[in-house]
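The residues making up each chain are set out below.
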Amino acid sequence: MATLGIIGGTGLTQLKGLTITRSEAVKTPYGKPSAPLVHGRINAVDVVFLARHGEKHSIPPHRVNYRANLFALREAGVEDVIAVAAVGGIREDMAPGVIALPEQIIDYTWGRKHTFFEDELETVTHIDFTTPYCETLRGRLLAASQACHVAVIDGGVYGATQGPRLETAAEIDRMQRDGCTLVGMTGMPEAALARELGLCYASCAVVANRAAGRGDGEISMEDIESTLHKAMGQVGVLLAGFMKINE
Ligand code: HPA
């Protein structure tokens, strides 16, 4: 199997079970990625791990250099990218602790560097983004979840918001009317940039909290962190299972 890139989000700044061979601080024409690329192996699979919010979890979603991150992964020989991301659950069954493999995206972000196709172009380029996640990789993750008995929800519509603040209840109402079932702050432009680079990209979305107005009262960082802490164990099992069936 080709080298697998894993982008870790909130709650996943390190990857358990990864035998690290080297850590590499790289530069790209788009600037520096969020963190050094951590090269290693899980089972027999070559993995490059990148902490989206930095090693110390200090880069907020709107300041992540998504272009540098994706470009650096591709330069490292990565073809498939599994992006782990904390999300809020909008639909009832997207409850805290649930892992979902979303299949669609609605982008509400603004002002982010969201394309590689803007400067020094020979011709204007529009990528197809009908199916924003790589269905092959999503299918392989689904197969892994069945093989290693980690429950996941197959599908979901990821609404990408600007952050770093959480949403208002009315914003979530609107997103639900639009068809969103999950809300997060990092899914875009990450997915689109991966597609522009020809990477096969899928998301493993971990529900950290019920979205604004969908739970009881305020959303606290403590609740988010404790839910993620528990759920990331399951993500680790899923990723290990994925490596096992793909080695
Ligand atoms: N909204 C946006 N992003 C998030 C949330 C949320 O409720 N929870 C975790 N990431």
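Please refer to the structure higher up on the page.
Residues numbered from 1 in each chain as written. Predicted model: local features only at pLDDT ≥ 70, side-chain atom pairs only at ≥ 80, totals over all residues. Heavy atoms only, no water.

A. Fine view of the environment of Gln 162. Inspection of the secondary structure puts Gln 162 in the loop between strand E9 (157-160) and helix H3 (169-178). Placed 50 residues apart in sequence, Gln 162 and Arg 112 show a C-alpha to C-alpha distance of 8.9 Å. Not counting the four nearest positions on each side in its chain, Gln 162 is found in contact with His 62, Thr 109, Trp 110 and Arg 112. A polar contact of 3.1 Å, which involves the side chain of Gln 162, links it to the backbone oxygen of Trp 110. (Helix = DSSP H or I, 4+ residues; strand = E, 2+ residues; numbered from the N terminus. Contact = heavy atoms within 4.5 Å. Polar contact = N/O pair within 3.5 Å; in protein donor to acceptor, adjacent residues only side chain to side chain.)

B. Region of interest: the packing of helix H2 (residues 135-147) against helix H5 (residues 221-246). The interhelical angle for the contact between H2 and H5, taken along N-to-C directions, is 105°, at an axis separation of 8 Å. Taken together, H2 and H5 sit at an angle that is classed as roughly perpendicular. Contacts between H2 and H5 involve Leu 137, Arg 140, Leu 141, Ala 143, Ala 144, Ser 145 and Ala 147 from the former and Leu 238, Gly 241, Phe 242, Ile 245 and Asn 246 from the latter. In the contact of H2 with H5, the residues fall into eight nonpolar, three polar and one charged. (Axes fitted to C-alpha atoms, helices over the stretch in contact; angles between N-to-C directions. Parallel < 35°, antiparallel > 145°, perpendicular 65-115°, else oblique. Nonpolar A, V, L, I, M, F, W, Y, C, P; charged D, E, K, R; others polar.)

C. Here's a closer look at the nonpolar core. Ranked by internal contacts, the top residues of the largest apolar core, which has 72 residues, are Ile 6, Leu 15 and Met 243. The element best represented in this core is H5, accounting for nine residues. When near neighbours in sequence (up to four residues on either side) are disregarded, Met 243 contacts Leu 4, Ile 6, Ile 42, Asn 43, Val 45 and Val 47. Counting residues in each nonpolar core, the second largest holds nine residues, with Tyr 108, Val 157, Ile 172 and Ala 212 among its members. (Core = buried A, V, L, I, M, F, W, Y, C linked by side-chain atoms within 4.5 Å. Buried < 20%, exposed > 50% of the residue type's maximum accessible area, 1.4 Å probe, protein only.)

D. Expanded view of the side chain of His 53. Take His 53: it is sitting in the loop between strand E4 (45-51) and helix H1 (66-75). Note on His 53: relative accessible area 5%, which makes it buried. Excluding anything up to four places from it in sequence, His 53 contacts Gly 9, Thr 10, Ser 58, Ile 59, Pro 60, Pro 61, Val 64 and Thr 186.

E. View of the site of the ligand. Taken together, Ala 86, Val 87, Gly 88, Leu 166, Glu 167, Val 183, Gly 184, Met 185 and Asn 209 make up the full set of residues adjacent to the ligand. Ala 86 is positioned with one of its backbone polar atoms (N or O) 3.4 Å from a nitrogen atom of the ligand. Take Glu 167: an N or O atom from its side chain is 2.8 Å from a nitrogen atom of the ligand. For the ligand, the protein covers 93% of the area, taking 260 Å² as the surface of the free molecule. Mapped by element, the contributors of at least two residues to the shell around the ligand are strand E5 (80-89) and strand E10 (182-184). The leading source of residues in the shell around the ligand is E5, at three residues. (Near = heavy atom within 4 Å. Areas by Shrake-Rupley, 256 points an atom, 1.4 Å probe, with all protein chains shown as cover.)

F. Structural view of the side chain of Thr 3. By secondary structure assignment, the location of Thr 3 is in the segment before strand E1 (4-8). Judged by its relative accessible area of 19%, Thr 3 falls in the buried class. Setting aside residues no more than four positions away along its own chain, Thr 3 makes contact with Asp 46, Val 47, Val 48, Gly 77, Val 78, Glu 79 and Asp 80.

G. Representation of the pattern of salt bridges. Taken as a whole, this structure holds 11 salt bridges when the rule is applied. Across the salt bridge formed by Arg 140 and Asp 80, the nearest N and O atoms sit 3.1 Å from each other. Taken together, the positions of Arg 140 in helix H2 and Asp 80 in strand E5 put the pair 60 residues apart, joining distant regions of the chain. Across the pair Glu 103 and Arg 138 runs a salt bridge whose closest N-O atoms are separated by 3.5 Å. Linking Glu 103 in the loop between strand E6 (99-101) and strand E7 (104-107) with Arg 138 in helix H2, this pair joins segments that are 35 residues apart in sequence. Classification of Glu 103 by relative accessible area gives partly exposed; the value is 36%. What emerges from the salt-bridge pattern is a single network uniting Glu 103, Glu 135, Arg 138 and Asp 154. (Salt bridge = Lys/Arg side-chain N within 4 Å of Asp/Glu carboxyl O.)

H. Looking closely at the packing of aromatic side chains. In total, this model carries four aromatic pairs according to the counting rule given. Measuring from ring centre to ring centre gives 5.3 Å for Tyr 30 and Phe 71, while their planes differ by 65°; the resulting arrangement is edge-to-face. Of the two residues, Tyr 30 sits in the loop between strand E2 (19-24) and strand E3 (37-42) while Phe 71 sits in helix H1, which places them 41 residues apart along the sequence. In this structure Tyr 30 comes out as partly exposed when scored by relative accessible area, which is 27%. Taking the centre distance of 6.2 Å and the plane angle of 10° together, the rings of Tyr 133 and Tyr 201 count as stacked. Separated by 68 residues along the polypeptide, Tyr 133 in the loop between E7 and H2 and Tyr 201 in strand E11 (residues 200-210) bring together distant segments of the chain. Each member of the pair, Tyr 133 as well as Tyr 201, carries the same accessibility label: buried. Through a chain of ring-to-ring contacts, the aromatic side chains of Tyr 30, Phe 71 and Phe 116 assemble into a single cluster. (Phe/Tyr/Trp six-rings, centres within 6.5 Å; stacked < 30°, edge-to-face > 60°.)

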